[in-house]
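Next come the chains, spelled out residue by residue.
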Amino acid sequence: MPTVGCHANDGVAGMPGSTERSVPRPLLRRLGWSTLTLCACAVLLMGLGFLWFIRQVPAEEVTLDRDADGIVALTGGASRIADAIELLASGRGKRLLISGAYRATNSKEISRLNPEFERWVRCCVDFDRSLNTLGNAIETKRWAERRGFRSLIVVTSNYHMPRALAEIAHQLPDVALVPFPVVTDRRRAERWWAGGASARRMVTEYVKYVFARLRMGLNPAAGIGGAG
């Protein structure tokens with residue numbers, strides 16, 4: 001009987017043996033190089049952004065050149081509350097909000113730890129129990145709007161200041177913010193890159209700052225009356 005011959009490289013279109021629809025190797029190479037270029041650009045941008053972020057972190061505490069309607073202290077680091085109470089006692093603001101306070105933290109406890117400031121603590125300090133920086137900003141918005149404050153001194157650790165200002169400014173775009181960064185003696189004496197813990201803290205804070213900025217960019221209207 002007659003037989004039908006076939007060649008080894010013949011195949012059905014679209015099957016592995018077919019070359020009609022296979023992706024040309026030059027195109028695959030171009031895609032690979034494009035991917036590598038995009039990754040390299042992303043790494044470069046992140047690196048440059050980190051250098052910019054480092055420059056935004058105050059290395060020293062500042063001397064305030066103006067007063068404000070209110071003072072807000074974001075808890076979570078040493079000396080933040082004490083420094084904020086000192087600012088209140090010196091007349092830098094009318095009232096102080098301690099944002100993110102533990103449930104056990106109240107006027108009585110703060111007065112016990114700072115007896116010299118008891119008079120100011122009992123009359124002019126408010127608390128909220130927010131759990132993160134975004135929560136701090138939302139509660140600060142509510143507090144400032146309820147009090148009618150148009151300017152705030154923001155007290156937090158120096159490495160946390162860029163993200164804290166960004167979050168609060170997003171919630172209160174028409175309120176003037178005056179940063180008061182807290183720099184501990186240890187951080188003042190030690191460069192951030194000198195210790196593993198300091199370097200990790202700075203990198204982690206930068207990543208949080210980038211994600212916060214991305215969230216604000218994707219939802220810019222969230223801070224305009226949306227969280228009040």
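Some remarks on the nonpolar core
Alright, step 1. Residues Ile71, Leu87, Leu96, Ile153 and Val155 are the most contacted members of the largest nonpolar core, which totals 21 residues.
Alright, step 2. Listing elements by their share of this core, those giving two or more residues are strand 1 (70-74), helix 2 (80-89), strand 2 (95-99), helix 4 (118-124), strand 4 (151-157) and strand 5 (176-182).
Alright, step 3. Among the elements that line this core, the one with the most residues is helix 2, at four residues.
Alright, step 4. When near neighbours in sequence (up to four residues on either side) are disregarded, Leu87 contacts Leu64, Ile71, Arg92, Gly93, Ile153, Val155 and Phe180.
Alright, step 5. Membership of the second largest hydrophobic core comes to 14 residues, among which are Leu74, Ala144, Phe149 and Val154.

Some remarks on helix 1 (residues 25-56)
Alright, step 1. Compared with an ideal rise of 1.5 Å per residue, which puts 32 residues at 46 Å, helix 1 spans 47 Å between its outermost C-alpha atoms and is within 8% of the ideal.
Alright, step 2. Of the positions making up helix 1, those classed as buried are Gly49, Phe50, Phe53 and Ile54.

A look at the state of the cysteines
Alright, step 1. Inspection of every chain in the model, using the stated rule, returns one disulfide.
Alright, step 2. Covalently, Cys123 is tied to Cys124 through a disulfide, its sulfur atoms 2.3 Å apart. One quick way to see it: the torsion about the S-S bond of Cys123 and Cys124 is about -80°, and its sign makes the bridge left-handed.
Alright, step 3. When its relative accessible area of 15% is taken as the criterion, Cys124 is described as buried.
Alright, step 4. Cys41 takes part in no disulfide bond, and the closest cysteine sulfur to it belongs to Cys39, at a distance of 9.4 Å.

Some words on the pairing of strand 2
Alright, step 1. Counting buried positions along strand 2 gives five out of five residues, so the element sits mostly inside the fold.
Alright, step 2. Of the two faces of strand 2, the one carrying Arg95, Leu97 and Ser99 and the one carrying Leu96 and Ile98 are both buried.
Alright, step 3. Where strand 1 and strand 2 come together, five bridges link them in parallel fashion. Following the sheet pairing, Ala73 is matched in strand 2 by Ile98.

Comments concerning the confidence of the model for the protein chain
Alright, step 1. Looking at the protein chain, the pLDDT average stands at 82 and 81% of residues meet or exceed 70.
Alright, step 2. Ranking the elements of the protein chain by mean pLDDT puts helix 7 (residues 185-189) last with 55 and strand 1 first with 97.

Digging into the environment of Ser79
Alright, step 1. Here Ser79 lies in the loop between strand 1 and helix 2.
Alright, step 2. As for Ser79 and Val182, which are separated by 103 residues in sequence, their C-alpha atoms are 7.0 Å apart.

Re the sheet that holds strand 1
Alright, step 1. The strand order across the open sheet built from five strands is 3-2-1-4-5, with neighbouring strands paired in parallel fashion. Looking along the sheet, the strands with just one partner apiece sit at the ends: strand 3 (125-128) and strand 5. Taken over all neighbouring pairs, the strand axes of this sheet differ in orientation by 20° on average, direction set aside.
Alright, step 2. Direction of pairing for strand 2 relative to strand 3: parallel, over a ladder of four bridges. Bridging across to strand 3, Leu96 finds its partner in Val125.
Alright, step 3. Those strands touched by helix 5 (residues 133-147) are strand 1, strand 2, strand 3 and strand 4, and its axis lies near 155° from that of strand 2.
Alright, step 4. On top of the sheet, helix 6 (residues 161-171) reaches strand 1, strand 4 and strand 5; it is set at about 160° to strand 5, its chief contact.

The rules behind each value
- Residues numbered from 1 in each chain as written.
- Predicted model: local features only at pLDDT ≥ 70, side-chain atom pairs only at ≥ 80, totals over all residues.
- Heavy atoms only, no water.
- Core = buried A, V, L, I, M, F, W, Y, C linked by side-chain atoms within 4.5 Å.
- Buried < 20%, exposed > 50% of the residue type's maximum accessible area, 1.4 Å probe, protein only.
- Helix = DSSP H or I, 4+ residues; strand = E, 2+ residues; numbered from the N terminus.
- Contact = heavy atoms within 4.5 Å.
- Expected span 1.5 Å × (residues − 1).
- Disulfide = S-S within 2.5 Å.
- Pairing = 2+ DSSP bridges.
- pLDDT = per-residue confidence, 0-100.
- Axes fitted to C-alpha atoms, helices over the stretch in contact; angles between N-to-C directions.

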